[in-house]
Amino acid sequence: MIRLHEFKDNGLKVNWGTILIGLDGPGKLPPQIIPREVVDYAVELVSQNNNQPDNVWILADLSENDTSEIKRLVWELEKGEKVSREVEFDKWKVLLLQRILSELNNEPIYDLLKLTEFWEKFDYPKDSPHIVQGLHNDISPTDYYTEENYKEIVKNHKLWIAAKLSQLGRT
């Protein structure tokens, strides 16, 4: 699970689109936000500024067990925003990839498989820094799973994260 404060900690703005993707589960992943955090977010919004849409007030008053109503209200709130779903998905990819990188054990075979599994959850987007052995290339397994290639791929992932954070921090 990713906590909403992790977006803020990385200079990324949270909006109802970000939250909706987290409730649905980004890509092929399961939900990444718990309903309690959504209600807490709404409470925070109304406590900072009481000039909020009615649906935020209703959301702030719900129980975390009202999951279908929480999702419906977030969906309604997201419809009223002018945000790009692609940008919001990118925010999720960045934070989830940061987590994956922090869990790598410097084991080329297992770690490259873990990275491949991650990108598969997003259907291998064109802007992915990942290279999948045998997918649109003729890299042999003996070349792919070397420590040198592993380090290069991890470095490219870190560069991708930095570039995305810089780009997304302006949205």
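Residues numbered from 1 in each chain as written. Predicted model: local features only at pLDDT ≥ 70, side-chain atom pairs only at ≥ 80, totals over all residues. Heavy atoms only, no water.

1. Some thoughts on the overall build of the protein chain
Scanning the protein chain from terminus to terminus reveals nine helices and zero strands. Listing the helices and strands of the protein chain from first to last along the sequence gives α-α-α-α-α-α-α-α-α. Dimensions of the protein chain, computed from C-alpha atoms along their principal axes, come out at roughly 60 × 30 × 25 Å. In the protein chain, which comprises 171 residues, the proportion classed as buried is 43%. Considering only residue pairs separated by 6 or more positions, the protein chain has 64% of its internal contacts joining residues 24 or more positions apart. Entry remark: accessible area of the protein chain is about 9,600 Å², with carbon and sulfur atoms responsible for 50%. (Helix = DSSP H or I, 4+ residues; strand = E, 2+ residues; numbered from the N terminus. Buried < 20%, exposed > 50% of the residue type's maximum accessible area, 1.4 Å probe, protein only. Contact = heavy atoms within 4.5 Å. Areas by Shrake-Rupley, 256 points an atom, 1.4 Å probe, with all protein chains shown as cover.)

2. Details of the pattern of salt bridges
Evaluation of the coordinates by the stated rule reveals 16 salt bridges. One salt bridge in this structure joins aspartate 123 and lysine 28, with 2.8 Å as the shortest N-O distance. A residue pair is termed long-range when its members are at least 10 positions apart, and aspartate 123 in the loop between helix 7 (108–120) and helix 8 (141–144) and lysine 28 in the loop between helix 2 (16–24) and helix 3 (35–48) qualify at 95 residues. The class for aspartate 123 is exposed, based on a relative accessible area of 54%. A salt bridge links aspartate 40 to arginine 36, with the shortest nitrogen-to-oxygen separation between them at 3.0 Å. Placement of the pair is aspartate 40 and arginine 36 together in helix 3, with a separation of four residues, close to one helical turn. (Salt bridge = Lys/Arg side-chain N within 4 Å of Asp/Glu carboxyl O.)

3. Description of the packing of aromatic side chains
Under the criterion given, the structure shown has six aromatic pairs. Residues phenylalanine 118 and tryptophan 119 carry aromatic rings whose centres are separated by 5.0 Å and whose planes lie at 85° to one another, so their mutual orientation is edge-to-face. Neither residue differs from the other here; phenylalanine 118 and tryptophan 119 are each classed as buried. Ring plane angle 90° and centroid distance 5.3 Å describe the contact between tryptophan 119 and tryptophan 160, whose orientation is recorded as edge-to-face. Highlighted residues: tryptophan 119 in helix 7 and tryptophan 160 in helix 9 (residues 147–168), separated in sequence by 41 residues. Under the relative-accessibility criterion, tryptophan 119 is labelled buried at 0%. Judged by relative accessible area, tryptophan 160 falls into the buried class, the value being 9%. Taken together through their ring pairs, the aromatic side chains of Phe118, Trp119, Phe122 and Trp160 make up a single cluster. (Phe/Tyr/Trp six-rings, centres within 6.5 Å; stacked < 30°, edge-to-face > 60°.)

4. A closer look at helix 9
Along its 22 residues, helix 9 runs 31 Å from first to last C-alpha, staying within 8% of the 32 Å computed at 1.5 Å per residue. Where helix 9 is concerned, the buried positions are Asn149, Tyr150, Ile153, Val154, His157, Trp160, Ile161, Lys164, Leu165 and Leu168. Each buried residue of helix 9 lies within a common arc of 150° when the element is viewed along its axis, so the set occupies one face. Exposed and facing more than 90 degrees away from the buried side of helix 9 are Glu148, Lys158 and Leu159. (Expected span 1.5 Å × (residues − 1). Arc of directions from axis to C-beta.)

5. Looking at the nonpolar core
If you look at the biggest cluster of nonpolar residues, it comprises 47 residues, and the most contacted ones within it are Trp16, Ile19, Val38, Leu59, Val74 and Leu97. Elements supplying a minimum of two residues to this core: helix 1 (4–9), helix 2, helix 3, helix 4 (54–60), helix 5 (67–79), helix 6 (85–103), helix 7 and helix 9. Beyond its immediate stretch of four places on either side in the chain, leucine 59 contacts Trp16, Val38, Val39, Ala42, Ile70, Leu73, Val74 and Leu77. (Core = buried A, V, L, I, M, F, W, Y, C linked by side-chain atoms within 4.5 Å.)

6. A look at a nonpolar patch on the surface
Together, Ile109, Tyr110 and Leu113 make up a nonpolar patch on the protein surface, roughly 310 Å² of accessible area in all. Topologically, leucine 113 is positioned in helix 7. Of the residues examined, leucine 113 reaches a relative accessible area of 38% and is grouped as partly exposed. (Patch = residues over 30% accessible without salt bridge, like charges linked within 9 Å, V, L, I, M, F, W, Y side chains within 5 Å.)

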